[in-house]
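Below are the chains, spelled out letter by letter.
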Amino acid sequence: RQWMKPNRRSANFPFNLLGARAEVHYQPKGVIANIGPWNFPVLAAFSPLAPMLAAGNRVILKVSELTPRTAELCRTMIEKAYDPQEVACFYGGPDLGAAFTSLPFDHIFFTGSPRVGKLVMKAAADNLTPVTLELGGKSPVIVADNADLELAAYRIAWGKLMNSGQICVTADYALVPEAMLRPFIAEIERAVARL
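The paragraphs below set out a description of the structure included in this document. (Residues numbered from 1 in each chain as written. Predicted model: local features only at pLDDT ≥ 70, side-chain atom pairs only at ≥ 80, totals over all residues. Heavy atoms only, no water.)

A few words on the nonpolar core. In this structure, Leu49, Met52, Val59, Leu61, Val63, Ile78 and Cys89 are the most contacted members of the largest nonpolar core, which totals 13 residues. Each residue touching Cys89, except ones within four places of it in the same chain, is listed here: Leu61, Val63, Cys74, Arg75 and Ile78. (Core = buried A, V, L, I, M, F, W, Y, C linked by side-chain atoms within 4.5 Å. Buried < 20%, exposed > 50% of the residue type's maximum accessible area, 1.4 Å probe, protein only. Contact = heavy atoms within 4.5 Å.)

Its 14 residues place the ends of helix H3 (residues 68–81) 20 Å apart at the C-alpha level, agreeing with the 20 Å of an ideal helix rising 1.5 Å per residue. Looking only at H3, the buried set comprises Ala71, Cys74 and Ile78. The arc that holds every buried residue of H3, seen down its axis, measures 60°, which confines them to one face. Structural note: H3 exposes Arg69, Glu79 and Lys80 on the side pointing more than 90 degrees away from its buried face. Residues of H3 that are buried sit in contact with helix H1 (41–46), helix H2 (49–54), strand E4 (58–64) and strand E5 (87–92). (Helix = DSSP H or I, 4+ residues; strand = E, 2+ residues; numbered from the N terminus. Expected span 1.5 Å × (residues − 1). Arc of directions from axis to C-beta.)

Moving on, we get to helix H4 (residues 94–101). Of all the residues in H4, the buried ones are Gly97, Phe100 and Thr101. One side of H4 holds all its buried residues, which, seen down the axis, span an arc of 85°. Looking at the buried side of H4, the elements it contacts are strand E3 (31–35), E4, strand E6 (107–112) and helix H5 (114–125).

With that settled, the discussion passes to the pattern of salt bridges. A complete count under the given rule lists six salt bridges for this structure. Residue Glu65 is joined to Lys62 by a salt bridge in which the shortest nitrogen-to-oxygen separation is 3.0 Å. Overall, Glu65 belongs to the partly exposed group, its relative accessible area being 27%. Through salt bridges that share partners, Glu72, Arg75 and Glu79 make up one connected network. (Salt bridge = Lys/Arg side-chain N within 4 Å of Asp/Glu carboxyl O.)

Below, the discussion takes up the environment of Phe184. Mapping Phe184 onto the fold places it in helix H7 (residues 181–194). The buried category is assigned to Phe184, whose relative accessible area is 6%. Taking the C-alpha atoms as reference points, Phe184 and Ile32, 152 residues apart in sequence, are found 45 Å from one another. Those residues in contact with Phe184 that lie beyond four places of it in its chain are Val143, Leu149, Ala153, Ile156, Ala174 and Val176.

Time to look at the sheet that holds E3. Taken in spatial order, the five strands line up as E5-E4-E3-E6-E7 in an open sheet, and their pairing is parallel. Strands with a single pairing partner mark the edges of an open sheet, and in this sheet they are E5 and strand E7 (131–135). Between one strand axis and the next, the sheet turns through 15° on average, direction left out of account. Relative to E6, E3 runs parallel, the two being bridged by four bridges. Pairing of Asn34 across the sheet is with Phe109, part of E6. Lying over the sheet, H5 contacts E6 and E7, oriented at roughly 175° with respect to E7. (Pairing = 2+ DSSP bridges. Axes fitted to C-alpha atoms, helices over the stretch in contact; angles between N-to-C directions.)

Laid out in structure tokens, this is it:
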């Protein structure tokens, strides 16, 4: 009851001058597709599942076919824990992915590459399905001229090496003052060897 109770807001101008009132009413979206990547198959499947269900939705998961044992484990766990009318789980290649995203979902949540994200968005557009895209990208690191190079290099290397560098927000490149470039590279090499 507490989560679902309406939340009062200020009405927008000019309606607030005319005595209008505004409230946000929390309602389930309906059936949500959750499409996860190969590099975080369990986290990307189950982490968004909890709030999707807590909001009153039904969910269909599409886990990556590139991790077949993990995909099968996720499917088995889902089938044991949920009624298929509440949560279902599938995995398969690009043909299944294309068919899956062309269904008239009430929302699609996709985690993965920008290239596949564009395909998901195009397929969703045919049904006017809203989409949340969590895409990998180019993430810079800025090293200031007063930075502790040893500490910065260690932290950057640690983040870059986590999950073999397969994290959407991992550092792809560093912007370093030219005078600090060679010492920075040396510190990165030391940090990578240490880690």
